[in-house]
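# Notes for the structure review
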Amino acid sequence: MPKNIRRWGPPLLLVSPSLILLAVFVYGLLAINAKTSGTDNHTAAQTTGRAPVQWVWFDNFVDLLGSESFQHSLKNLVIYTVVFLAGTMFFGFLWAFLLDRPVRFEGWFRSIYLFPMAVSFVASGVVWRWLLNSNQGEAASGLNRLFQNIGLGFLQNNWWNNPDWGIAAIAIPAIWQMSGYVMALFLAGFRGIPEELREAARVDGANEWQLYRHVLFPQLSPVALSAVIIVGHMSLKAFDLIMSISKPANYQTKVPAIDMYQFKLSFDYANAAAVGVILLVIVAILIVPYLVHINRAEKH
Amino acid sequence: MRTRRTLTALVAGLAASSLLLAACSSNDPETPSGTGGAGGDDASEVEVFTWWASGSEKLGLDALVQVFEEQHPDTKFVNGAIAGGAGSAAKELLQSRLQAQDPPDTFQAHAGAELTDYINAGQLEDVSNLYDEFGLRDAFPKDLVDRLTVDGKIYSVPSNIHRANVVWANPSVLEDAGLDPKATYATLDDWFTALDKVKASGKTALSIATTWTQVHLFETVLLSSLGTDKYNGLWDGSTDWAGADVTKALENFEKLMSYTNTDRDGLDWPDATQQVIDGKAGFNVMGDWAEAAFQEAKKQAPADYIYFPVPGTDGVFDFLADSFTLPVGSKHPGGTKNWLNTISSLDGQIAFNKAKGSIPARKDAQPSEFSAYQQSAMESFGQDTIVSSLAHGAAAPVATLNAISEAVSKFTTGAGDLATFQSDLVAANAG
Amino acid sequence: MTTAFDSLTEPIKAAPRTGGGTAGRDRITVSRTVKYVLLLLFVAIVLIPVYVLLVTSFKGPGDADPSRAWSLPQVWTLDNWTGAWAALQAPLWRTIALVVPSALISAVLGSMNGFVLARWRFRGADLVFTLILFGMFIPYQAVMIPLVQLMLNSGIPSGIPTLIVLHVIYGLPITTLIFRNYYMSVPNELVEAARVDGAGMLRTYWSVVLPISVPSFVVVLIWQFTSAWNDFLFAVFFSSSRNGPVTIALNNLANGAMLTDYGISMSGALLASLPTLLVYVLLGKYFIGGLMSGSVKG
C-alpha cells in the first residue's frame, strides 16, 4: 500500500489540480450543454422554469441538420476552415523558407510577420471591414481601390459579399493574423534539423532545391501537423472575426457559431446547445485521428 | 433547479483548487461589496446597465447622471455601460446575469416587444405603480402608454423617443440631378422617379448599410405600402404575410434596393449617412439619430441637408424608445426607483435628450429648448399616429426579428428570389 | 532521405563548395535579390492594415472615413491618441495584472501535466491526454450560461481575479500539449540518472526537468500572454468597464450603440497592441529558440 502511494502519489499530485479543474469547467459544462440540447427549451419562459420543458431526444439535431439555413452555415464553416488552414500554412511555410538561411535583418522581418498576432480584432475589425469593401470601379475603396492604383485592377472583386464563396474572404484577416505564428513554427522546424544533414546531402551532390525537397521538407511533417492542430482550433474562433467585420445578421458569412449566438439571444437555449454539440462532434471527428496518429508514432 | 444543485456540488469540489488560485491573484484593487441580498428598499446605489459608452449617447447619460445626483444625492450611481458594436456580447452578458439571478439594478432596453422574452421569463417587475406615483400616465401620450402596456401591466419607463421613418437628403445632389429640393413625394412611386434621376446623374441614389439598416428600410416600406392598420396587423397576426399586398411591398423594397450602393453589407449606418453629407448619395433612410451626424459635420438644415418622412408615411410616427426596467431580484430596488424617477422627470428628460439628440417622451417639455429638427419631431410625435419599429425591437420579439433579418439578408445578397423571401418571412413570423 | 543518412555515417570529407565559379556567384546574387524582394513584398502586404490603422489614428472625425482610407490626414491631429491614452491607461495596467499571473500559473500547471504525461507511462495516460486536449476546442459560447452561474457561486470576485482563473483553466490544454511534446524529446538518460540518484518524481521535476524547460516556458508564455491580452469574450462576461481589461475599454471607446468614432478606435487599437509587440520583439529570438528545442515536434 505505501509503495503504491509512493508510485502513484507524486504524479497524481501534479496533475490532479488540472484534472479537477478541467472536469468541472470543460466536461461539467459540456454535460449541462448536452442535456439542454435534448430538450424543447426554445422559449424565454422555459429558461426560467415558468413553462414545462420536455425531453425530445434528438429532435433539435434532426431539425437543425435538415434546415437549409444551418446547412449553409456548415458549408461556410468548411470553406472558411479550408481556406484559413491552406492560407496560413502556405504563407507561414513560405516565410520560414525565405528566412531559413541567414538573412540580414531577420529579427525585423520576423517581428513584422508576427505583429498581426498582437492586434485585437475588437478594433482592427473595422480596418478589415474597410479593406474588404465590395465596391468596384469608380466607387471602389479599400483593397479594390489599392488594386486600381497599383495597376492590378483585374484583381478587384466583391470579397465577402457573395452568398456562395464570400466566407472565404473572411479568412483573409485570419490568415493575416496567424501566418506569422506558423512561420515561427516552421522556422523552428528548419533550425531544428541538424546541420550535418544538409552538409551530407551537399556532399552527395544534391543542389539546393533537391536538398529542400528530399531532405528538409520531409523532416517538417510533424511540425506541419502540430501547426494544423493549433491553427485549426483557431478556426472555431471565426466568431470574433465575423462579429467585427461582417455582422451576425449577414447571411453570406454566417457559421454555426453565429447561429448559436443568435439562438441564445432569442432565448432558444435548446437549439443553441444543439449547435454547440454539433461543433464539438465535428472537432472530435477531426482531432481523434490526430491523437491516434501521434500515439502510434510515439510507440515506434 | 437540478442543474443548480449539480453546479453547487461541483463548486464545492472545486473550492480547494480555486481558493489556491484566487489567493495567488487577489491583487485587484476593487473588491466588490458582498452579495448584499438586503432587498427591501435599499437605495444606497443603483447599477445602470446601458450600451451608452461613447459619443452623444455618453454625453446624454452624463447629463442624466448630473440631474440624478441633484435629485437623489443619497443614491450612488454605478455606471455599467458596455458598448454595442463588436460587443453585442453585451446583450449576452445581460441575459446571463438575469439567468444567474444576479441582475443589474436597472437596464436599458427598447420599449415594446423586445421586452416580451424578459417578461415571459419572469425577469421584470411590473412598474405600473410607479406610473401612478410619478404621474406618468398623464405625462406621456396615451398612444405611447398603450403601446407599452402588456396585459394591463407596464414593465419599463421610457427615457427618450426616436423616429425611424425619416429620409435624409442632400439638396445640392438633388439639384444637380434636376430635382427640386423642396419637392415632396406622396407615394413610393413618386419617389422612384426622383431616385431614377439621381441614379442617372451618376450618384448613389439611396445610400444604405449593413443588414439592420436594410431591415430598417424594409419596415418603412412595409409601413408605406400597407398603411398603418395593416402594418400593425403584421405584428398581431391580423395581416397575412403571404398576402398579395405584402408581395407588392416586397416588390417596392426590391426596387428600392436596386438604387443602393453595392458595398452596403460592409458599412454601418454612419458610413451611409456620411455619403449624403459628402454629396456622394442623394437620399438615406435612417432614424433621427442621424441628425447627430449632420450636426457633427457642422451642416445646417435646410441649406446643407433636408429631411422628410419616408414617402407614404406622412402623418405616421414610426417610434422606438429607450427605456429602463426594474429586474426581479434587483439588489437596490430603492435605487432603481430613484433612477426611474429621474429619467421620467421633466428635468431628466430635457437634459438627456438635449445632449443625445432624441426627443422627450413627456408632453410637457417645451420645444423651444430644442434644435430645429427635434422641434419638428416633437410636433409630429404630439399629433401623428404612433406605430412601433420592427428593426429596433418595438414591434416584434427578438426571435422574430432575427428570423426576419436573416430573410432580408438572404434576399438582398442574392441568395434567394422574391418568392423565397416571402415564404421565409411567413416562416419567420410563424415560428 | 536514405542517401543523406548513409552519408552521415561516412567520415565527412572536405565539403566541396557548390557554385565556386562566377556564374554560380551570379546565380546566388540573383536568388538572394529575389529573396529580399519577396521578403519586402510580404512586409508591405502584412503592413497594409497597419498603415490604415496608423493614418486613420491621426485623422479628425469627418476625415476618418472608409472612402479616404488610403489618403494621409487632411489635418494631422493627436487628439485620438491623447483621448485613447486617457481612456486606456488604467485598463492597460489592469490587463498586465491579469495577463502576467494567468500566463505564469497556466505555464507552471501545464509543465507539471506535460511532465507527468510524457514521463509517466501509466495505463490510460493517452486517454487523460486526449481528454485534456479536447478542452482546447470547447465552444465557449455554448457553455457561457452555466459558466456565469458557476463563477457566481464560486465566490471569486468578478473582474481580474475571475479572469485569471478562467484564462488559467482554459489555457491548460494548450500549455499541457506544448510541454508534453517538449518533454517527450528530452533524453531519457537525464531523467533516469536522477532516478538512479534516488530522486523521487517531484525532486526530478523540480531539479532536473524544470531548469531545462526555459525554452518551452517562453513559447507558452508568449501564447498565453497574447491570447489573454486579446481576449474579449471572457472579459465582457466576467468584468465591467470599471474593473475589466483593455479590450473592454477599447470596445467602449470605439462603439456607441449608434455612433462609431473611427479615429480614436484605431489609435486605441494600436496603443493596446504595443505591449504585446514589445513582448514579441524582446522574446522573439527565444520564441524561435523555444519552438526549435523540440516543443513543436508533435
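Residues numbered from 1 in each chain as written. Chains lettered and ligands numbered in written order. Predicted model: local features only at pLDDT ≥ 70, side-chain atom pairs only at ≥ 80, totals over all residues.

### Description of the interface of chain B and chain A
With 36 residues of chain B in contact, the opposing surface of chain A contributes 39 residues. Elements represented by at least two residues in the side of chain B that touches chain A include exactly α1 (2-25), α3 (89-99), α4 (116-120), α10 (211-236) and α17 (398-412) of chain B. A breakdown of the residues in the side of chain B that touches chain A according to their chemical character gives 10 nonpolar, 19 polar and 7 charged. (Contact = placed C-beta atoms within 7 Å. Helix = DSSP H or I, 4+ residues; strand = E, 2+ residues; numbered from the N terminus. Nonpolar A, V, L, I, M, F, W, Y, C, P; charged D, E, K, R; others polar.)

### Quick word on the interface of chain C and chain A
Taken together, the contacts link 75 residues of chain C with 82 residues of chain A. With 17 residues, the single largest contributor to the side of chain C that touches chain A is helix α12 (residues 262-295) of chain C. Its residues placed into classes, the side of chain C that touches chain A shows 51 nonpolar, 19 polar and 5 charged.

### With respect to the sheet that holds strand β10 (residues 306-309) of chain B
Residue and element names in this part refer to chain B. Taken in spatial order, the 4 strands line up as β8-β9-β7-β10 in an open sheet, and their pairing is mixed. Bordering the open sheet on either side are β8 (204-207) and β10, each of which pairs with just one other strand. Mean inter-strand twist for the sheet, computed between neighbouring axes without regard to direction, equals 20°. (Pairing = 2+ DSSP bridges. Axes fitted to C-alpha atoms, helices over the stretch in contact; angles between N-to-C directions.)

### Description of the environment of phenylalanine 134 of chain B
Within the secondary structure, phenylalanine 134 of chain B sits in helix α5 (residues 128-134). Residue contacts for phenylalanine 134 of chain B: discarding those within four places in its chain leaves Asn341 and Ser344 of chain B.

### A few points about the nonpolar core
Core analysis: the biggest nonpolar cluster contains 294 residues, and Ile170, Phe186 and Ala238 of chain A have the highest contact counts within it. Among the elements that take part in this core, helix α8 (residues 166-192) of chain A stands out by supplying 18 residues, more than any other. Domain assignment of the residues forming this core places at least three in each of domain 1 (41-160 + 321-382) and domain 2 (166-319 + 389-430) of chain B. When neighbours within four sequence positions are excluded, isoleucine 170 of chain A is seen to be in contact with Tyr80, Trp160, Ala238, Leu241, Ile242, Ile245, Ser246 and Thr253 of chain A. (Core = buried A, V, L, I, M, F, W, Y, C linked by C-beta atoms within 7 Å. Buried ≥ 20, exposed ≤ 12 C-beta atoms within 10 Å, placed from the backbone. Domains from an automatic or database assignment.)

### A word on helix α6 (residues 160-184) of chain C
Every α-helix winds through 3.6 residues per turn, so residues three or four apart in the chain are directed the same way. Residues and elements named next belong to chain C. In this model, α6 (25 residues) spans 35 Å end to end at C-alpha, consistent with the 36 Å of a helix rising 1.5 Å per residue. Maximal helix bending in α6 amounts to about 45°, located at leucine 172; proline proline 173 follows within four positions. The buried fraction of α6 is high, at 24 of 25 residues. (Expected span 1.5 Å × (residues − 1). Bend = angle between axes of the 7 residues up to and from the residue.)

### Structural notes on the packing of helix α4 (residues 68-100) of chain A against helix α11 (residues 221-234) of chain A
Residue and element names in this part refer to chain A. Interhelical geometry of α4 versus α11 gives an angle of 135° and a closest axis separation of 10 Å. Comparing their axes, α11 and α4 come out oblique. Classified by chirality, the crossing of α11 by α4 is right-handed. Across the interface between the two elements, Leu85, Thr88, Met89 and Gly92 from α4 touch Ala224, Ala227, Val228, Val231 and Gly232 from α11. The class makeup of the residues in the contact of α4 with α11 is 6 nonpolar, 3 polar and no charged. (Parallel < 35°, antiparallel > 145°, perpendicular 65-115°, else oblique. Left-handed = near helix turned anticlockwise from the far one by under 90°.)

### A look at helix α14 (residues 333-344) of chain B
With 12 residues, α14 of chain B should reach 16 Å at 1.5 Å per residue; the first-to-last C-alpha distance of 16 Å fits that figure. By the burial criterion, the buried members of α14 of chain B are Pro333, Gly334, Gly335, Thr336, Lys337, Asn338, Trp339, Leu340, Thr342, Ile343 and Ser344 of chain B.

Keep in mind that these numbers describe shape and distance, not what the molecule does.
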